[in-house]
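# Per-entry structural report
What follows is the residue order along each chain.
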Amino acid sequence: NNVITLDTLADNTYGACTIQVTDAYGNPSNVLAISSFTIDTTPPTLNSVNIQSSNANTSAAKTGDVIKLRFNSSETLSALPLATISGSPATVVPDGANWYNATYTMAGTEAEGLIGFTIDFIDAAGNAGIQVVAVSDSSSVTYDKTAPVLDYVHIQSNNSNISAAKVGDIITVN
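I will try to describe carefully the structure that is included in this document.

Moving on, we get to the overall build of the protein chain. Along the backbone of the protein chain there are 0 helices and 16 strands. Its C-alpha radius of gyration of 30 Å places the protein chain more than 25% over the 16 Å reference for a compact globule of 174 residues. Taking the principal axes of the C-alpha coordinates as reference, the protein chain spans close to 120 × 25 × 20 Å. Sequence separation of at least 24 residues holds for 58% of the intrachain contacts in the protein chain that already meet a minimum separation of 6. Entry remark: accessible area of the protein chain is about 11,400 Å², with carbon and sulfur atoms responsible for 55%. Counting 5 positive and 15 negative side-chain charges, the protein chain places the averaged centre of each group 22 Å from the other.

Pasting the structure below:
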């Protein structure tokens, strides 16, 4: 049970390797076969990060709208990425080869304004990617949960009595 450190190998997959060691007295060991292995020290990256809302205007959101992040990893990940949207945990599901969707339904408790997010991820070799907090395109979603308020409403008709109307009269709202 000896440990041999292979610290000068570049990132790559190695196969059909053998090793032979020599002790302090110059006695060689038997040649040993080493099974195939991969050296991977490169952290993964996320590509094509996009955010949109289920609202008819995909760059706007109100309470009840679903916010969706769609992104692609540069390599296979060890598990589903962890994502937050507007500070809350998002549901992440795979969507094809290294593609993922993260979704969150706006509950009405979130801060208004530009919706932020985080995505954390680790590749199959255990290398952590740098947390992603920005889109790779120009997409954005702004959250507005405040209903509009009318300060003054004036209604009248073109009838001689402006507070009454009959069929054919015109009603004006200001």
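Quick look at the sheet that holds strand β9 (residues 88–89) now. Strand order in the open sheet made by the 3 strands is β9-β8-β13, with antiparallel pairing throughout. Among the strands making up the open sheet, the edge pair consists of β9 and β13 (117–120). Relative to β9, strand β8 (residues 82–85) runs antiparallel, the two being bridged by 2 bridges. Across the sheet, Thr 84 pairs through a bridge with Pro 89, a residue of β9.

In this section: the environment of Met 106. Note that Met 106 resides in the loop between β11 (99–105) and β12 (113–114). With a relative accessible area of 1%, Met 106 lands in the buried category. Considered as a pair, Met 106 and Thr 5 are 101 residues apart in the sequence and their alpha carbons are 51 Å apart. Once residues within four sequence positions are removed from consideration, Met 106 is found in contact with Lys 62, Thr 63, Gly 64, Asp 65, Ile 67, Ser 86, Ile 115 and Tyr 143.

Tallying each qualifying case throughout the model produces 2 aromatic pairs. Ring geometry for Tyr 14 against Phe 37: centres 5.4 Å apart, planes inclined by 25°, an arrangement best described as stacked. Here Phe 37 lies in strand β4 (residues 37–39) and Tyr 14 lies in strand β1 (residues 12–14), a separation of 23 residues in the sequence. With a centroid separation of 5.7 Å and an interplanar angle of 25°, the aromatic rings of Phe 71 and Tyr 100 are classed as stacked. Of this pair, Phe 71 sits in strand β7 (residues 66–73) while Tyr 100 sits in strand β11; the two residues are 29 residues apart in sequence, bridging distant segments of the chain. Among the residues examined, Phe 71 registers a relative accessible area of 0% and is labelled buried.

Conventions and cut-offs
- Residues numbered from 1 in each chain as written.
- Predicted model: local features only at pLDDT ≥ 70, side-chain atom pairs only at ≥ 80, totals over all residues.
- Heavy atoms only, no water.
- Helix = DSSP H or I, 4+ residues; strand = E, 2+ residues; numbered from the N terminus.
- Rg over C-alpha atoms; globule rule 2.2 N^0.38 Å.
- Contact = heavy atoms within 4.5 Å.
- Areas by Shrake-Rupley, 256 points an atom, 1.4 Å probe, with all protein chains shown as cover.
- Lys, Arg positive; Asp, Glu negative; His and termini not counted.
- Charge placed at Lys NZ, Arg CZ, Asp CG, Glu CD.
- Pairing = 2+ DSSP bridges.
- Buried < 20%, exposed > 50% of the residue type's maximum accessible area, 1.4 Å probe, protein only.
- Phe/Tyr/Trp six-rings, centres within 6.5 Å; stacked < 30°, edge-to-face > 60°.

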